[in-house]
Amino acid sequence: MPFSFVYWADLRYPEPLAGGLNREPYSADPGTGPFPSPADDPEQAEPTLTDRIYRGLAHLEEATGFTPVDGLILEYRLDDLWGYYEDAVFRNAARARLREALAEAADRTVLIAAHSMGGLIAYDVLRAAERDGTPLPRCTLVTLGSPLGLAELKLKLAAEHGDLCVPEAVTAWTNLMDRQDIATVGDDLAAIYPPNAAGVRIRDVPVINAYRRQDGTENRHKSYGYLRTPEFSEALAAFLAAEA
């Protein structure tokens, strides 16, 4: 099937990590059989204590417009997101790459698989195109480890795009989140982003990101782990079946 990789890291970093500097390379998992799923471990699907605490703090942050908790998360744990808002040149260049890819597929149906900040870029591009009247393809959106529930991001998105909602070009939206991933803390996205005019709602799906670094420690936010979840395979298979 046709595939486009919309890459932004080279816009922010002059060179890729080389050799031993990359602590999180891709490697095949040594196990066999399917990767773990909350379907087999329901406790993994439940909000964590961190989720519950953050939800209370986030409501206060949104009410006051003062977001110190999010500032710490963005600057020290999700610093690319911090850079996205601090550097307009980088932000605009990253958006332009996705706009160009979508423009080339404007007469087709596409699936956008967007990890972490990719989901933010996708939301920005789709809402801006909607406002500008730019033709877009019919988009199935799958977000993985999305930070779109963070209070500071919600405030910034509302300031730029107006009321939060599912973009009009989106025909289905599946949000995959590991409850141990700091980027996904807070309310589930379906509770934050109302359906679009066509009634398309977000489907929040808890997953288990099983990625491990070479030293055996886990990174529940890593893209490799999200892409290897059974739930991502199911979302992709459903899209391909619908297009067959």
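Residues numbered from 1 in each chain as written. Predicted model: local features only at pLDDT ≥ 70, side-chain atom pairs only at ≥ 80, totals over all residues. Heavy atoms only, no water.

A look at empty space enclosed by the protein
Logical step 1: All told, the structure shown has one cavity of 30 Å³ or more when counted by the stated rule.
Logical step 2: Lining of the largest cavity is provided by S146, G149, N175, M177, R179, T184, V185, G186, D187, D188, L189 and D204.
Logical step 3: The class makeup of the residues in the lining of the largest cavity is three nonpolar, five polar and four charged. (1 Å grid on protein atoms, 1.4 Å probe; cavity = no way out; pocket = protein on both sides within 12 Å on 5 of 7 lines; lining within 4 Å. Points joined across faces, edges and corners; volume = space filled by probe spheres on them. Nonpolar A, V, L, I, M, F, W, Y, C, P; charged D, E, K, R; others polar.)

As for helix α6 (residues 117-132)
Logical step 1: End to end, α6 covers 22 Å across 16 residues, agreeing with the expected 22 Å (1.5 Å per residue, within 8%).
Logical step 2: Judged by how many residues are buried, α6 sits mostly within the fold: 13 of 16 residues are covered.
Logical step 3: Taken from the residues just after α6, G133 is the one with a positive phi, measuring 80°. (Helix = DSSP H or I, 4+ residues; strand = E, 2+ residues; numbered from the N terminus. Expected span 1.5 Å × (residues − 1). Buried < 20%, exposed > 50% of the residue type's maximum accessible area, 1.4 Å probe, protein only.)

Observations regarding a nonpolar patch on the surface
Logical step 1: Judged by side-chain polarity, L49, I53, L57 and L60 come together as a nonpolar surface patch covering roughly 390 Å² of accessible area.
Logical step 2: Among the structural elements, L60 can be located in helix α2 (residues 49-64). (Patch = residues over 30% accessible without salt bridge, like charges linked within 9 Å, V, L, I, M, F, W, Y side chains within 5 Å. Areas by Shrake-Rupley, 256 points an atom, 1.4 Å probe, with all protein chains shown as cover. Salt bridge = Lys/Arg side-chain N within 4 Å of Asp/Glu carboxyl O.)

A closer look at the packing of aromatic side chains
Logical step 1: The full count for this structure, using the stated rule, is eight aromatic pairs.
Logical step 2: For the ring pair Y123 and Y193, a centre distance of 5.4 Å and an interplane angle of 70° mean the geometry is edge-to-face. Placement of the pair is Y123 in helix α6 and Y193 in the loop between β3 (170-177) and β4 (202-206), with a sequence separation of 70 residues.
Logical step 3: Of the residues examined, Y123 reaches a relative accessible area of 1% and is grouped as buried.
Logical step 4: Through pairs of rings, three or more aromatic residues link up here, namely W8, Y84, Y85 and F90.
Logical step 5: The cationic tip of K156 hangs over the ring face of Y85; the distance from NZ or CZ to the ring centre is 5.0 Å. (Phe/Tyr/Trp six-rings, centres within 6.5 Å; stacked < 30°, edge-to-face > 60°. Lys NZ or Arg CZ within 6 Å of the ring centre and 35° of its normal.)

Topic: the pairing of β4
Logical step 1: Among the five residues that make up β4, four are buried, leaving the element largely enclosed by the rest of the structure.
Logical step 2: Pairing of β3 with β4, which is carried by five bridges, proceeds in the parallel orientation. When the sheet's bridge partners are listed, W173 is paired in β4 with I202. (Pairing = 2+ DSSP bridges.)

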